[in-house]
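# Residue-level structural notes
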Amino acid sequence: MQNLEPAGRWPYGPAGPVTGDPDRGLVFLGAGGAVIVFDSFLNKISEFSFPRVVEHLCFDSGKLYAADSGGIVIINTENPEKPVSVAEHAIRVEEIAVSKGIAYILSNCALHVLNVSDPANIVAEGTLEIPLNSDDECLGDWEVFAYGSYLYIIGYDSFIIADLADSVRPVIISSYPSGGYDLSLSGNFAYIANDSLDILDISDPTSPSLVSSHVINTNRYDSALKVQVSGDFAYVGCTWDGFRAIDISDPENPFDIGIYPTYSALDVYQAGNFAYFTTWGGGLYGLDISDATLGIYNFKDTDDIWISGNYACTLQDYGNKLQIINISDPDNIHDLGNLVLQGGDYVRLAGSYVCVVDKWEAVIRIIDISDPNNPVQTGLYENDYLSETEENDIFLYKKHLYFSTIGHGIQIVDISDPADPKDAGRFTEPSSGIRVSRDYAYAVHDNSIRIIDVSDPASPRQTGLYQVSGSVSGFELSGNRLCVYGPDEFQIIDISDPHNLVKTASEKTDFLIKSADISGNKVYCQVASHYSRLMVYDISDAANPAEIRSYNIPESFGKWARMRVNGDLACLANIYGLMIIDVSVPRTHQRINPFDTPDRITGVAVSDGYVYAVDGLYRSEGPGVKGIRIIDISDPTHPREACFYGFNYYNELFEVVRVVGNYLYGTSYDGLEILDISNPLRPLKKGFLKLPGHVQSHDIQISGTNMYLVNWGHVEIIDISKPSEPVFLNSISDINHFSVNGNLALMACDSEFEIIDITNAEKTVLGSFRGTDEIISVSYSDYVYVVTSQNQKEEYDNNGKNGENEGYDDSEEIFFFRIFDVSDLEHLSEIGEYRLTDFELINMDPTRVGITVSGKHVYLLGEKKGLRVLDISDPANPFEVLTYDTPGEVYDLELSGNYLHIADGDGGFITLKTISASENNDSGGGSSCFISTAIDNQ
């Protein structure tokens, strides 16, 4: 008999609930299995290990209440550097509020009242049944709030008010036939977050009434998820926009005043001049809200922007409106006039004229803004080549507009008579991107810059070609200097002598440069790092560019924004609006340095006392760091993060990892990535193999010098004998599951598996078995081990019941663990079977089911209840030894000696110790795999 006991835990998971103690300036965050304590600037003070995954937090009278479906832990925070558990109470918690020592808990369609004033003697005072409307489910997404003399309960379709005259026996006195996701209370008003922000008058709690409903209005479908009210402002966490500030000084007429775009805000907490919110995928953010505009000037969609002098021109409403903005005073930026258009993609401004390029109609609209309060279209220019232009291909200089296309060169348009624009000349050589200064145009060709004399627009001619060292992503011009940028470097080119361009400065970054611009002696780089960032460099000493400013900017702005600079102003514009940063003054409207938390830990590999844990798989393209957490387990009872390897590019994000020797192999969306981990504290990128299409691998197996990458329907076979230069060998198609065992491999699809010889090109089939159940996981060693699924109705039909399935849900599946004898490959036979009762898949995803074989035991993962262990000492009679319910959900595990190292999803990373350790040593060191194991460790 085998048993497991906890050995160590690295409990961190995605950021979830956030609350605080405003009197002491403390912030509390639930992140996986950790409760973390911060000061108001998000400097970490301490942490507390919660036994499961923290789902709810609330604070009352010096005590913090952390809860989940397993119960409540009461934490004394009197000394924030050493929070201490003072009580635990087992109760299913779907939501909790605590006021004056009384806890109100929503659980199983009822409100439970606990007296927690004495944590050593928690008393259940009673329950209150909650009436549900037809659209409401049983309290899973409900919220409860104690405010004044009343208790407020909100669900998606219900808002209920209960009288707390007797605090332990609340009495429902009213309900309102609409609800939401969250609620905040202030004065005589309730603020409800749903598809809009609803404001209800609750001055008469027996008869709440709607005052106004403020639509959360963007170009996307958006909803308010969380709301906190302070003074005249409501701070709202949204599904798409992230974080909004809404002026509610007049409850009948609320209006947006600021937005901090990011991805879904899961929880919001506000205290004093700071607001805090957590986001989907990980991360706690803090904002200084002393200026409630949050640094976003205008949160209407902005498709393009151009700046010149005191004005910025933007295209809004999908290019159907031109807006003129006065930016002469950074403290008083304001709209001037606007003009409704019939469409537009790019806007350019010079002097008193604006040109708007409409690619769809292949026209340029010429607009007079000599009166910026009353812009007027004066002319129209048509050219089919305009449909092929891109953002950097348009430039307006004095009385001429230049546009370039790769296939047609550069077209020069004379707009000196704006009512009658005319073709002035054409340069026919391939060019992309164009900027003009004095009598010369500069255009990109491959990684070179063409210098073109345009003093006679009718006869432009190339006078030089400057070869740029490195690749060119784009360039901008200011005075006598070009700022040319590539993926990780910008260069400054002196063009004061157009016949002799000279590089005067360059600077490499550690991040991907998405755009760059130059103004005076400052270079602005918009980069993709762990967070989107605006970096400002001083190049007055050309030999030594120096970073002088760095601004964390909202991920959604940084991801898609077009950046323009003018003097000390940097403007970022996209569908979320216009963000303006004045770099001449100390940073304002900036978020406090965010505290990053892991996403779900979904993969592990173990080598030489370190665990390599996959973090960020479920972040999609949201905020937060994605990469490999390297955890020191030299003392398994006290794992600690030793290093982090972050990804600069989303496509690098690993799905599966495997370690062999000094190398870590990981699959990304583009292919196979290889890291040198000979120094675990400094992983280095070693090799890469591009694979066709998007890789969606759910397994890596290695045998000898070959890697087998299971990639949704086929297996890629790769030679990794030289890790710096992996070589694609061939591919096997029509496979859902795969397991390699020396020179043989098992391939499974639907209800059939085959054993093949992988040493020959023909992949000769040596044996096969066809069953009736769907195969969802396999492992091949001395025996073949298979997990299968079957619909319950099918089971009845297969047993001759002919549809007599009364009492069964046709959609419900049952699962079996099966063992096959493969000693005679020509006659494969099933010799053992065990029905897996109460087997629930993680995220309904059968690819997460895994089989790890070690000695006389099998470990099954991929189900919600944790880790299941089966005894296979008698293959004909496998039986279940135990089920170990981990704090999160077991996504991956690796055996190492007497320890099981587990990727526990939201629960972080945990280590379990096997009690009957001698049995685990029988297999010669164990094995590891994401989906199926028993790998030949040659």
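Our structure's up above, just so we're on the same page.
Here's a quick rundown of the structure. (Residues numbered from 1 in each chain as written. Predicted model: local features only at pLDDT ≥ 70, side-chain atom pairs only at ≥ 80, totals over all residues. Heavy atoms only, no water.)

To continue, consider the overall build of the chain. Summing up its helical and strand segments, the chain has three helices and 85 strands in all. The 938 residues of the chain split such that 58% are buried. Total accessible area on the chain is roughly 35900 Å²; 44% of this is exposed by carbon and sulfur atoms. (Helix = DSSP H or I, 4+ residues; strand = E, 2+ residues; numbered from the N terminus. Buried < 20%, exposed > 50% of the residue type's maximum accessible area, 1.4 Å probe, protein only. Areas by Shrake-Rupley, 256 points an atom, 1.4 Å probe, with all protein chains shown as cover.)

So, on to the pairing of strand 70 (residues 737-741). Most of strand 70 is tucked away, with four of its five residues classed as buried. Note: strand 70 against strand 71 (residues 744-749), five bridges, orientation antiparallel. Considered in strand 71, the bridge of S739 is made with L746. With antiparallel pairing between neighbouring strands as the criterion, strand 70 and strand 71 make up a hairpin whose turn holds two residues, including G742 at a positive phi of roughly 65°. (Pairing = 2+ DSSP bridges.)

On the basis of which strands lie adjacent, the open sheet formed by four strands has the order 46-47-48-49 and antiparallel pairing. With partners counted over all chains shown, the strands left at the sheet margins are strand 46 (474-478) and strand 49 (502-508), one partner each. Strand-to-strand twist in this sheet, taken as the mean axis angle between neighbours without regard to direction, amounts to 20°. Pairing of strand 47 (residues 481-485) with strand 48 (residues 489-494), which is carried by five bridges, proceeds in the antiparallel orientation. In the strand pairing of strand 48, V484 is matched with Q491. (Axes fitted to C-alpha atoms, helices over the stretch in contact; angles between N-to-C directions.)

The subject of this paragraph is the packing of aromatic side chains. With the rule as written, the count across this model stands at 23 aromatic pairs. Between F28 and F59, the ring centres sit 5.5 Å apart and the planes meet at 25°, which makes this aromatic pair stacked. In this pair, F28 sits in strand 3 (residues 26-32) while F59 sits in strand 6 (residues 56-60), placing the two residues 31 residues apart along the sequence. Both residues of the pair, F28 and F59, count as buried. (Phe/Tyr/Trp six-rings, centres within 6.5 Å; stacked < 30°, edge-to-face > 60°.)

This next bit is on the environment of T637. Note on placement: T637 falls in the loop between strand 60 (627-632) and strand 61 (640-646). For the pair T637 and T911, spaced 274 residues apart in sequence, the C-alpha to C-alpha distance is 7.8 Å. Discounting chain neighbours no more than four positions away, the residues touching T637 are A7 and G8. Separated by 2.9 Å, the side chains of T637 and H638 make a polar contact. (Contact = heavy atoms within 4.5 Å. Polar contact = N/O pair within 3.5 Å; in protein donor to acceptor, adjacent residues only side chain to side chain.)

This brings us to the sheet that holds strand 75 (residues 783-791). Sheet architecture is open: four strands sit in the order 74-75-76-77, paired in antiparallel fashion. Bordering the open sheet on either side are strand 74 (774-780) and strand 77 (829-836), each of which pairs with just one other strand. Between one strand and the next, the sheet's axes are offset by a mean angle of 20°, whatever the strand orientation. Where strand 75 lies against strand 76 (residues 813-821), nine bridges are found, and the strand directions are antiparallel. Opposite N791, over in strand 76, you have E813 as the bridge partner.

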